[in-house]
Amino acid sequence: MPTTYPDLMADVRKRTKQVSLEELKRRLDAHEKLTLVDVREKDEWRGGFIPGAIPLPRGFLELQAEQKLLDKNARIVAYCAGGVRSALAAATLQELGYSNVETANPGFVRWKDLGFPIETPPELTDAQRERYSRHILLPEVGEAGQAKLLKSKVLLLGAGGLGSPAAMYLAAAGVGTLGIVDADVVDSSNLQRQIIHATSRIGTPKVESAAKAISELNPDVKVVPYPERMTSANVERLFSDYQVVVDGTDNFPTRYLVNDASVWLGKPVVHGSIFRFDGQVTTFLPQMAAKRLGLGEPSPCYRCLYPEPPPPHLAPSCQEAGVLGILCGIIGTLQATEAIKILLGRGTTLAGRLLTYDSLKMKFHELRLRRSLDCPVCGPKPTITSYIDYEGFCAIG
Ligand SMILES: [Zn+2]
């Protein structure tokens, strides 16, 4: 005899574990480890959802479960509007091998009536949903993460070898505001590696050339050009508006200014450098930023490693060195990856780790970096408390 709806539901209820809304709220408040799954339709989701929930409409459950719910042993709580669809969904998930599934009872409508916290999804336009669909499909990004990126602001120091690929990928990813600091104009010898520029823009200021490439790639991105050199006089003004700094500069005076501003203003700096066939990347995560962003332990700062610049006569020669063009692409895109992770609050950053890359041997290595208690800037007894313009390195050499 075919099963009737009441029989089916009675069977499903028997097979699935229910959790009350009060209990669910208690667990969420206590930050208990659980995956909350909203099985309602897209339109219902857009009207609001329980914070932290993953949207997985019941109609797509079998199709998308394994993409969105990677761990079959994770504790999963499904909810819908009233508790029926989520019970059916929980039963289906169990059949798919998920071992620890519960269903909230009743559901979102009652949750809202109780005045429990809800969140409304960010408003992305249809064009943005289409453009960023491959991001949105990643549960670690989703619509909320994409909306976060669109509201994010990254400052790029330099639109050169490292800044070019970093800017292109940050723009493609939909980072909403990109500040670009560069006082140079495009030269034909740049084009072997600085892929944001073009032959037709030789002689144009780099910030202008970069803005043009970015606007053609992604009109969602606002470029703020700073055709100036960074000094102690403007470093705080340049940093103040941005969440993350991507440093692609290659001289000592700037490196120390960037470091000190990063520590004092609490801004994460993703540092990259290149020489011939070798490159390196690390993330400087000052204490204030680590705390604010919930990104774990702070990293050492640049002065923990090199308290002062070398005296000018010992500084590396400023003679132009050769560099394998594509190396810039590798290091610059690693920097962009770090920036995006910081903005999304996902993954493990390179804070406290120096990643080195040898393109000839095609090898990556990692070095641990340690904070120095004697650090003149981030240590407990700082001896440097205002910006220093170190000058003359290259002029002398
Ligand atoms: Zn330090």
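Structural notes, computed from the coordinates.

### Brief notes about the pattern of salt bridges
A side chain with one charge can pair with a side chain of the opposite charge if their charged atoms come near. Within this structure, the stated rule accounts for 22 salt bridges. A salt bridge links Arg26 to Glu23, with the nearest nitrogen and oxygen atoms 3.1 Å apart. A residue pair is termed a helical-turn pair when its members lie 3 or 4 positions apart in one helix, as Arg26 and Glu23 do in helix α2 (residues 21-29) at three residues. The exposure class of Arg26 is partly exposed, given its relative accessible area of 41%. The partner of Arg75 in a salt bridge is Glu32, with the nearest N and O atoms 3.3 Å apart.

### Side note on the packing of aromatic side chains
Throughout the structure, instances matching the rule amount to eleven aromatic pairs. Summarising the aromatic geometry, the rings of Tyr226 and Tyr242 are spaced 6.4 Å apart at their centres and angled 80 degrees between planes, so their arrangement reads as edge-to-face. Note that Tyr226 is positioned in strand β8 (residues 222-226) and Tyr242 in the loop between α12 (235-240) and β9 (244-247), a separation of 16 residues in sequence. A relative accessible area of 12% means that Tyr226 is categorised as buried.

### Quick look at the sheet that holds strand β4 (residues 76-79)
With respect to topology, five strands assemble into an open sheet ordered β1-β5-β4-β2-β3, the strand pairing being parallel. At either end of the open sheet lies a strand with only one pairing partner, and these are β1 (17-20) and β3 (54-55).

### Some points on the pairing of strand β11 (residues 278-284)
With five of seven residues buried, β11 is to be regarded as a mostly interior element. Note that strand β10 (residues 269-275) and β11 share seven bridges and pair antiparallel. Bridge pairing in β11 places Gly272 opposite Val281. The antiparallel hairpin formed by β10 and β11 contains two residues in its connecting segment, where Arg276 sits at a positive phi of about 55 degrees. Judged from the four bridges that link them, β11 and strand β12 (residues 353-358) form a sheet pairing that is antiparallel. Residue pairing across strands places Gln280 opposite Thr356, the latter belonging to β12.

### Quick notes on the packing of helix α9 (residues 142-151) against helix α16 (residues 325-344)
Between α9 and α16, the least distance of the axes is 9 Å, while the angle of their chain directions is 110 degrees. Considering the angle they form, α9 stands roughly perpendicular to α16. Crossing hand, α9 versus α16: right-handed. Residues Gly145, Lys148 and Leu149 of α9 lie in contact with α16, whose contacting residues are Ile340, Leu343 and Leu344. Partitioned by chemical class, the residues of the contact of α9 with α16 number four nonpolar, one polar and one charged.

### Overview of the coordination of the zinc ion
Coordination of the zinc ion by the protein is provided by Cys301 (SG), Cys304 (SG), Cys375 (SG) and Cys378 (SG), with metal-donor distances spanning 2.2 to 2.3 Å. Classification of the site at the zinc ion as tetrahedral follows from its four donor atoms and the range of 95 to 124 degrees in their angles at the metal. If you list the donors of the zinc ion from N- to C-terminus, the spacing comes out as C-x2-C-x70-C-x2-C. Of this pair, Cys301 sits in the loop between α14 (287-293) and α15 (302-305) while Cys378 sits in the loop between β13 (363-368) and α17 (393-396), and the two are 77 residues apart along the sequence. With a relative accessible area of 17%, Cys378 lands in the buried category.

### Description of the nonpolar core
Formed by 41 residues in total, the largest nonpolar core has its most connected members in Val154, Leu156, Leu170, Leu178, Ile180 and Ile214. Secondary structure elements with two or more residues in this core: β6 (153-157), α10 (163-172), β7 (177-181), α11 (206-217), β9, α14, α16 and β12. At eight residues, the largest contribution of residues to this core is made by α16. Apart from residues no more than four positions distant in its own chain, Val154 is found in contact with Leu170, Val175, Thr177, Leu178, Gly179, Tyr242, Val244, Val246 and Leu343. Within the second largest apolar cluster, 21 residues are counted, among which are Met230, Phe252, Ala261 and Val269.

### Re the environment of Ser262
Assignment of secondary structure puts Ser262 in helix α13 (residues 252-265). Sequence spacing of Ser262 and Val244 is 18 residues, and the spatial spacing of their C-alpha atoms is 9.4 Å. When residues no more than four places from it in sequence are discounted, the contact partners of Ser262 are Phe239, Lys267, Val269 and Pro286.

### Quick notes on the side chain of Thr16
Structurally, the position occupied by Thr16 is in the loop between α1 (5-15) and β1. For Thr16, a relative accessible area of 6% translates into the label buried. The contacts of Thr16, once residues within four sequence positions are left out, are Ala87, Ala90, Ala91, Gln94 and Thr103.

Reading the values: rules and limits
Residues numbered from 1 in each chain as written. Predicted model: local features only at pLDDT ≥ 70, side-chain atom pairs only at ≥ 80, totals over all residues. Heavy atoms only, no water. Salt bridge = Lys/Arg side-chain N within 4 Å of Asp/Glu carboxyl O. Helix = DSSP H or I, 4+ residues; strand = E, 2+ residues; numbered from the N terminus. Buried < 20%, exposed > 50% of the residue type's maximum accessible area, 1.4 Å probe, protein only. Phe/Tyr/Trp six-rings, centres within 6.5 Å; stacked < 30°, edge-to-face > 60°. Pairing = 2+ DSSP bridges. Axes fitted to C-alpha atoms, helices over the stretch in contact; angles between N-to-C directions. Parallel < 35°, antiparallel > 145°, perpendicular 65-115°, else oblique. Left-handed = near helix turned anticlockwise from the far one by under 90°. Contact = heavy atoms within 4.5 Å. Nonpolar A, V, L, I, M, F, W, Y, C, P; charged D, E, K, R; others polar. Donors = N, O, S within 2.8 Å, 3.2 Å for Na, K, Ca; no water. Tetrahedral: all angles 85-135°; square planar, octahedral: opposite > 155°, others 65-115°. Core = buried A, V, L, I, M, F, W, Y, C linked by side-chain atoms within 4.5 Å.

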